[in-house]
Amino acid sequence: MTVAPTPPTASLPPLAARTRAIGGSPVRDILAVTARPEVINFAGGLPAPELFDRQGIAAAFRGVLERTPERALQYSTTEGEPGLRERLAQRITARGLPTTADDLLVTTGSQQALSLLAAALLDPGDTVLVEDPCYLAALQVFGLAGARVVAVPTDADGADPEALAAAVERERPKLLYTVPTFQNPTGRTMPTERRAAVASVAARHGLWIVEDDPYGELRYDGERVPWIGSYDDARDRTVLLGSFSKVMAPGLRLGWLRAPAELRRACVVAKQAADLHTPTLNQLAAAQYLSAGDLDAHVARVAGVYRERRDAMLAGLAEALPAGSTWQRPEGGMFLWARLPETYDTTALLAEVVRHDVAYVPGAPFYAGVPDRSTLRLCFVTQTPQEIGEGLRRLGKGLR
């Protein structure tokens, strides 16, 4: 019997070019390498799990499931549960930006809000302006959207308004992405005068501002600074992003965006294509927690602990880092940014440092422009002051 030859197997079509061009998160890669329990990990951006209000959140979930289980376990509207949006609107209004529930879209973490905005605003080849350095996952989002990402020169106060105006005239971007309060990765905060100047640039030149504020409630020193979106020049062109991840729990995956009506509707359409809606149960539990609990008191407790941890890291840096290193003192947030002498390459040094059972994030991946390879990011909120002291001792040995 003659056996017919097996037909050749055709190769599969390739992955989308954008997925091949955009790499994974270096932070996630480092966390995977340093998952050993003996490692003191300053690399993550994780809130301290022992400070979660476990009882309060559990009570909120129980209450929702006992009173309205059919609603909690059902599909919901794309825009988000009205009760949660109403309570969010009240919190935003109380902080100086008049807001109604209809101004808000609830998202599955504020990271999704960035992806929705990219889908709603950006065509391949459009230009996005970012701070240098910049939040790493934002660079991934804009890269996957096919955008051209251009870094705006910054100083200790954030994006330089004159450089921003020049970049807008030269590059004709769609938007500026900024984390103006306790920025990731630098921890810096843009002062009031600088915010007003950035708002003025956006008004004069026709520019969207995406103002990402995941850390703003974690203030340890100083006075609260108004949102850029609260300035008259920026009210009709600013998207404000927020999150419950740092003040309630990241596992809830609850974020939100506040945007002008036309852009918000476009984001709703993008969200319908992504996941239909954010989980109903989580939204109702968060609304219940906001109603029955005291989120402000919880945040104040967390901030008190984080302040001690920040101070412990600041106290030990001079001994841990090489002579000639510089760093800023963040007034809040989760991160501290350091610059070593220019002969140091923190990416090349990381493997040696990890052998001393401590880890950081090299600064280079956070740059959209030419990276400063002598920089590194340290997260100070996850470890106790004693663990921070030991981690800095190990860091000093690894760097030496």
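Some words on the sheet that holds strand β9 (residues 238–243)
The strand order across the open sheet formed by 7 strands is β2-β10-β9-β8-β7-β3-β4, and the pairing between neighbours is mixed. Edge positions in the open sheet fall to β2 (104–107) and β4 (148–152), since each of these has one partner strand only. Across the sheet, the mean angle from the axis of one strand to that of its neighbour is 20 degrees, orientation sign disregarded.

Remarks on the sheet that holds strand β15 (residues 375–379)
If you walk across this open sheet you meet the 4 strands as β11-β12-β15-β14, and the pairing is antiparallel. A strand with exactly one partner marks an edge of an open sheet, and here the two such strands are β11 (326–327) and β14 (361–362).

Concerning the packing of helix α13 (residues 346–354) against helix α14 (residues 385–399)
One way to put it is that α13 packs onto α14 with a least axis distance of 8 Å and a crossing angle of 120 degrees. In terms of their interaxial angle, α13 and α14 are classed as oblique. As α13 runs across α14, the sense of the crossing is right-handed. The segment α13 lies against α14, with Leu 349, Glu 352 and Val 353 engaging Leu 395, Gly 398 and Leu 399. For the contact of α13 with α14, the per-class residue count stands at 4 nonpolar, 1 polar and 1 charged.

A word on the packing of aromatic side chains
Summed over all chains, the structure comprises 5 aromatic pairs. Residues Tyr 215 and Phe 335 carry aromatic rings whose centres are separated by 5.8 Å and whose planes lie at 85 degrees to one another, so their mutual orientation is edge-to-face. Here the residue Tyr 215 occupies a position in the loop between β8 (208–212) and β9, and Phe 335 occupies one in strand β12 (residues 335–339), the gap between them amounting to 120 residues. Since its relative accessible area comes to 5%, Tyr 215 is described here as buried. One aromatic cluster in this structure is built from Trp 337, Phe 366 and Tyr 367. Directly above the ring of Trp 227 sits Arg 224, whose terminal nitrogen or CZ lies 4.6 Å from the centroid.

Regarding the pattern of salt bridges
Throughout the structure, instances matching the rule amount to 25 salt bridges. Linking Lys 174 and Asp 126 is a salt bridge whose minimum nitrogen-to-oxygen distance equals 2.7 Å. Taken together, the residues span a long stretch of sequence, with Lys 174 in the loop between α8 (161–171) and β7 (175–178) and Asp 126 in the loop between α6 (110–121) and β3 (127–131) at a distance of 48 residues. Classification of Lys 174 as partly exposed rests on a relative accessible area of 28%. On the basis of relative accessible area, Asp 126 is assigned to the buried category, the value being 17%. Salt bridges here are not isolated pairs; linked through shared partners, they connect Arg 91, Arg 95, Glu 217 and Asp 296.

Things to note about the nonpolar core
If you look at the biggest cluster of nonpolar residues, it comprises 104 residues, and the most contacted ones within it are Phe 142 and Tyr 177. When near neighbours in sequence (up to four residues on either side) are disregarded, Tyr 177 contacts Leu 114, Leu 129, Val 130, Glu 131, Cys 134, Tyr 135, Ala 138, Phe 142, Val 210 and Asp 212. Counting residues in each nonpolar core, the second largest holds 19 residues, with Leu 164, Met 190, Ala 199 and Tyr 231 among its members.

Examining the state of the cysteines
The full count for this structure, using the stated rule, is 0 disulfides. Of the cysteine sulfurs around Cys 134, a residue in no disulfide, the closest is that of Cys 379, at 18 Å. Cysteine Cys 267 remains unbridged, with the sulfur of Cys 134 as its closest cysteine sulfur at 18 Å. Look at Cys 267 and you get buried, because its relative accessible area is 0%.

Conventions and cut-offs
- Residues numbered from 1 in each chain as written.
- Predicted model: local features only at pLDDT ≥ 70, side-chain atom pairs only at ≥ 80, totals over all residues.
- Heavy atoms only, no water.
- Pairing = 2+ DSSP bridges.
- Helix = DSSP H or I, 4+ residues; strand = E, 2+ residues; numbered from the N terminus.
- Axes fitted to C-alpha atoms, helices over the stretch in contact; angles between N-to-C directions.
- Parallel < 35°, antiparallel > 145°, perpendicular 65-115°, else oblique.
- Left-handed = near helix turned anticlockwise from the far one by under 90°.
- Contact = heavy atoms within 4.5 Å.
- Nonpolar A, V, L, I, M, F, W, Y, C, P; charged D, E, K, R; others polar.
- Phe/Tyr/Trp six-rings, centres within 6.5 Å; stacked < 30°, edge-to-face > 60°.
- Buried < 20%, exposed > 50% of the residue type's maximum accessible area, 1.4 Å probe, protein only.
- Lys NZ or Arg CZ within 6 Å of the ring centre and 35° of its normal.
- Salt bridge = Lys/Arg side-chain N within 4 Å of Asp/Glu carboxyl O.
- Core = buried A, V, L, I, M, F, W, Y, C linked by side-chain atoms within 4.5 Å.
- Disulfide = S-S within 2.5 Å.

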